[in-house]
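Below, each chain spelled out in residue letters.
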Amino acid sequence: MTKEKYLEKLSKMDGEKLVEELLYRDYLLTQEEKSSDEYTERYFKLKYMYNICKDYIADKINKEKQERTKELRKEETEMTNLEQLQNVCKEVNEKMDTVNEDELKEIVNGYYKDDVISFLQWNFLLEYIERKEKISDSFAFMYSE
């Protein structure tokens, strides 16, 4: 069986069948090792099929893990926009008396470039900085997305 056909066969199996297939391939490989003192051509073919199966399972697990991680990060980002905006407002308020206007704008620009805040939030924050006005606690609630 070619590698492509075997991968196609594996792709049609669920998790339990994949494990059974890997165990079966391991059994065949072990039997071949016990039957001969030398490594035969059959041994190398069996080892090759075993490795294809093992690698396929590992790739499938990694892909599923990456997809779950991506979904979790997306959920975290969506859920914390208000918290992120509150943190930005807090930092701007804390530094407003100690840092010049240009440095404050650079801080806010950095958050905008890193997609922590939206264009609308960025624009309003710059207006507060230009007016040298402290940002109220309700700002984050009014402009969170």
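Our subject in this report is the structure included herewith. (Residues numbered from 1 in each chain as written. Predicted model: local features only at pLDDT ≥ 70, side-chain atom pairs only at ≥ 80, totals over all residues. Heavy atoms only, no water.)

Moving on to the overall build of the protein. Of the regular secondary structure elements, the protein holds seven helices and zero strands. Mapped from its N terminus to its C terminus, the protein presents α and β elements in the order α-α-α-α-α-α-α. A compact globule built from 145 residues should have a C-alpha radius of gyration of about 15 Å, whereas the protein, at 29 Å, is more than 25% larger. Across its three principal axes, the protein shows a C-alpha extent of roughly 85 × 25 × 20 Å. Burial statistics for the protein: of 145 residues in total, 30% are counted as buried. In the protein, of all internal contacts separated by at least 6 residues, the share reaching a separation of at least 24 is 57%. Accessible area for the protein stands at about 10600 Å²; split by element, carbon and sulfur atoms hold 50% of it. Between the averaged position of the 25 positive side-chain charges in the protein and that of its 35 negative side-chain charges there is a distance of 6 Å. (Helix = DSSP H or I, 4+ residues; strand = E, 2+ residues; numbered from the N terminus. Rg over C-alpha atoms; globule rule 2.2 N^0.38 Å. Buried < 20%, exposed > 50% of the residue type's maximum accessible area, 1.4 Å probe, protein only. Contact = heavy atoms within 4.5 Å. Areas by Shrake-Rupley, 256 points an atom, 1.4 Å probe, with all protein chains shown as cover. Lys, Arg positive; Asp, Glu negative; His and termini not counted. Charge placed at Lys NZ, Arg CZ, Asp CG, Glu CD.)

Turning our eyes to something else, we now look at the environment of K54. Take K54: it is sitting in helix α3 (residues 41-79). Spatially, the C-alpha atoms of K54 and W122 are 50 Å apart, while their sequence positions differ by 68 residues.

We now examine the pattern of salt bridges. Pairs can form between side chains of opposite charge once their charged atoms are near each other. Going through the model one piece at a time under the given rule, you end up with 11 salt bridges. A salt bridge links E91 to K95; its shortest N-O distance comes to 3.0 Å. Linking E91 with K95, this pair stays in helix α4 (residues 81-95), spanning four residues, or about one helical turn. Classification of E91 as buried rests on a relative accessible area of 19%. You can call K95 partly exposed: its relative accessible area is 30%. Among the ionic pairs, K105 bridges to E130, the shortest N-O distance being 3.2 Å. On the criterion of sequence distance, the pair formed by K105 in helix α5 (residues 101-113) and E130 in helix α6 (residues 119-130) is long-range, its members being 25 residues apart. Among the ionic contacts, a cluster of salt bridges with common partners joins E101, K105, E130 and K132. (Salt bridge = Lys/Arg side-chain N within 4 Å of Asp/Glu carboxyl O.)

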